[in-house]
Amino acid sequence: MAIKDRKLDHLRIALNKDVQFREKTTWLEKVLLEYRCLPEIDLSDICLETEFLGRKLKAPIVVSGMVGGIAEAKKINKDIAKACEALGLGFGIGSQRAMLEDPKLTETYYVRDVAPNIFLAGNVGVTQIKDYSTDQMEQALDSIGADALAIHLNAAQEAVQRDGTPNFKGCLKEIARVARGLSRPVYVKEVGHGISFSVAKELAKTNIKAIDVQGAGGTSWVAIEALRSKNGFGKVFWDFGIPTASSIAECRKAFKGPIIASGGIRSGLDAVRAFVLGADLIGIALPVLKAQQRAGSKGVEQYLKRIIEEMRIALLLIGAKTPKEALGRGRLSL
Ligand SMILES: Cc1cc2nc3c(=O)[nH]c(=O)nc-3n(C[C@H](O)[C@H](O)[C@H](O)COP(=O)(O)O)c2cc1C
C-alpha cells in the first residue's frame, strides 16, 4: 500500500474511532501529589520557561509529531505550528518518509512561513533510517528548517501492521550513526507504547540528546492498526506497553538528558504529575489534532492555553515555582 494511503487511513481512524487504551491507563492518576495548602507562592510568579535542545520555550510543551505527506497535512501542520508560535511552544511534524521518497511533498510539512521561531522537530521511523544517508536526512531537515530530528521507535505498531516492516535488527547502531552524524540534535520517541529502563540505558550510550517516552495510556497505535486490518488482527495487543508514568520514572533512572513525558497527557495536572516523576517537558498529540479539526489554529491555541493554565495551578498547589521544583513533590503509589 502506498505511504500516502496508509497515512490517510491512520488520520481517518484516529479522528473517527476510539483509539485510546481501553483498560490500561497512564498511571499518572496514581501519582499522589504533596498538596501544600500553604504554598507561599503568588500564582503570577510561576515560571514555565524552559530550554529544550538549545531553544527557549515559554512553556514546557512540544506538540508530538503526527502528519505529513498527504494533502490534508498542510493545513493541519500550519494550524498547529501557528498556535505554537503564538504560545512559544515546540512542535514536531509527522514522519518525513513520504518527503524523503518524494521531495514534492515537502510543502505538506513546511511551517516556517507561519512559525519562524518555534522549536521544530523533524521525524523519521527507526526502521527507515538505514535507507538514508546522514546527508539525505540533513537535507530533509534543512528543507523544512527543523531544529532537531525525532526518531520514532514503533515496534508494537510495525509488528501488527499488515503492511509493516517489523525488522528491528541493527536499529540501535543506526540510531547511534544518525545521532553522531547529524549537525542537529537527535532525540528518540516511541509512538504510544513506552520506553523501558533497559532500552533507555542502551539509548544513553548513543549521542541522542533527549527521550520522549510516549508511554501507554493515551492513543494506542496498535489499536489504529487493528482497526485498519480487515479481520481485526492485532486487537490482542491493543493495551500493550509501559504506562507513561512508569516509562518516565524508568527513563529518568537510565538517562541524564531531558525527558519529555507523553502518551495520554490530557491536562496540566497530568503534566505536573509527570514533572514530579522527573520529566522536563510534556508532549501531546491526538487532542491537539482534534482541537485543530474543531477550530483550526485558534482551537489549538485555546486547548493548549488551558493546559498551561492548569499546569500553573497544579504547580502552585504543590508549592513549586517551576517544573524543575516539582521533582519529588509526590510519589507513584501503585
Ligand atoms: C494521526 C496521528 C499520526 C501520527 N503520526 C506519527 C508519526 O508520523 N511519527 C511519530 O513519531 N508519531 C506519530 N504519531 C504518534 C504521536 O506522536 C504520539 O506518540 C501518540 O499519539 C501518543 O500521544 P497521545 O496519547 O497524546 O495521542 C501519530 C499520532 C496520531 C494521532
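Quick summary incoming for the structure in this document.

**Notes on the side chain of Ser247**
Here Ser247 lies in helix 9 (residues 244–254). A residue is classified by how much of its surface remains accessible, and Ser247, at 0% relative accessible area, is buried. Only 2.6 Å separates the side chain of Ser247 from the backbone oxygen of Ile195, close enough to count as a polar contact. Ignoring anything within four residues of it in the chain, the contact list for Ser247 reads Gly194, Ile195, Val213 and Ile242.

**What to know about the nonpolar core**
Ranked by size, the top nonpolar core spans 97 residues in total, and within it Phe91, Ile151 and Ile282 carry the most contacts. For this core, the element with the most residues is helix 11 (residues 286–317), which contributes 13 residues. Excluding residues that lie within four positions of it along the chain, Ile282 makes contacts with Pro60, Ile61, Val62, Ile260, Ala261, Ile265, Ala271, Phe275, Ile307 and Met311. Residues Leu57, Phe119, Tyr187 and Leu281 belong to the second largest nonpolar core, which totals 12 residues.

**Quick word on the environment of Leu11**
By the secondary structure assignment, Leu11 is in helix 1 (residues 3–16). For the pair Leu11 and Ile61, spaced 50 residues apart in the sequence, the C-alpha separation amounts to 22 Å. Not counting residues up to four positions away in its chain, the partners in contact with Leu11 are Val67, Ile70, Glu72, Ile76 and Leu289.

**With respect to the pattern of salt bridges**
Evaluated as defined, the whole model comprises 20 salt bridges. For the salt bridge of Arg184 with Glu138, the shortest nitrogen-to-oxygen distance reads 2.7 Å. Remark: Glu138 occurs in helix 4 (residues 134–142) and Arg184 occurs in the loop between helix 6 (171–181) and strand 8 (186–189); sequence separation between them is 46 residues. Neither Arg184 nor Glu138 differs from the other in exposure class; each is buried. Salt bridges linked by common partners bring Arg6, Asp9, Asp163, Glu225 and Arg228 together as one network.

Thresholds applied
- Residues numbered from 1 in each chain as written.
- Predicted model: local features only at pLDDT ≥ 70, side-chain atom pairs only at ≥ 80, totals over all residues.
- Heavy atoms only, no water.
- Helix = DSSP H or I, 4+ residues; strand = E, 2+ residues; numbered from the N terminus.
- Buried < 20%, exposed > 50% of the residue type's maximum accessible area, 1.4 Å probe, protein only.
- Polar contact = N/O pair within 3.5 Å; in protein donor to acceptor, adjacent residues only side chain to side chain.
- Contact = heavy atoms within 4.5 Å.
- Core = buried A, V, L, I, M, F, W, Y, C linked by side-chain atoms within 4.5 Å.
- Salt bridge = Lys/Arg side-chain N within 4 Å of Asp/Glu carboxyl O.

Function-wise, these values are silent; they only describe arrangement.
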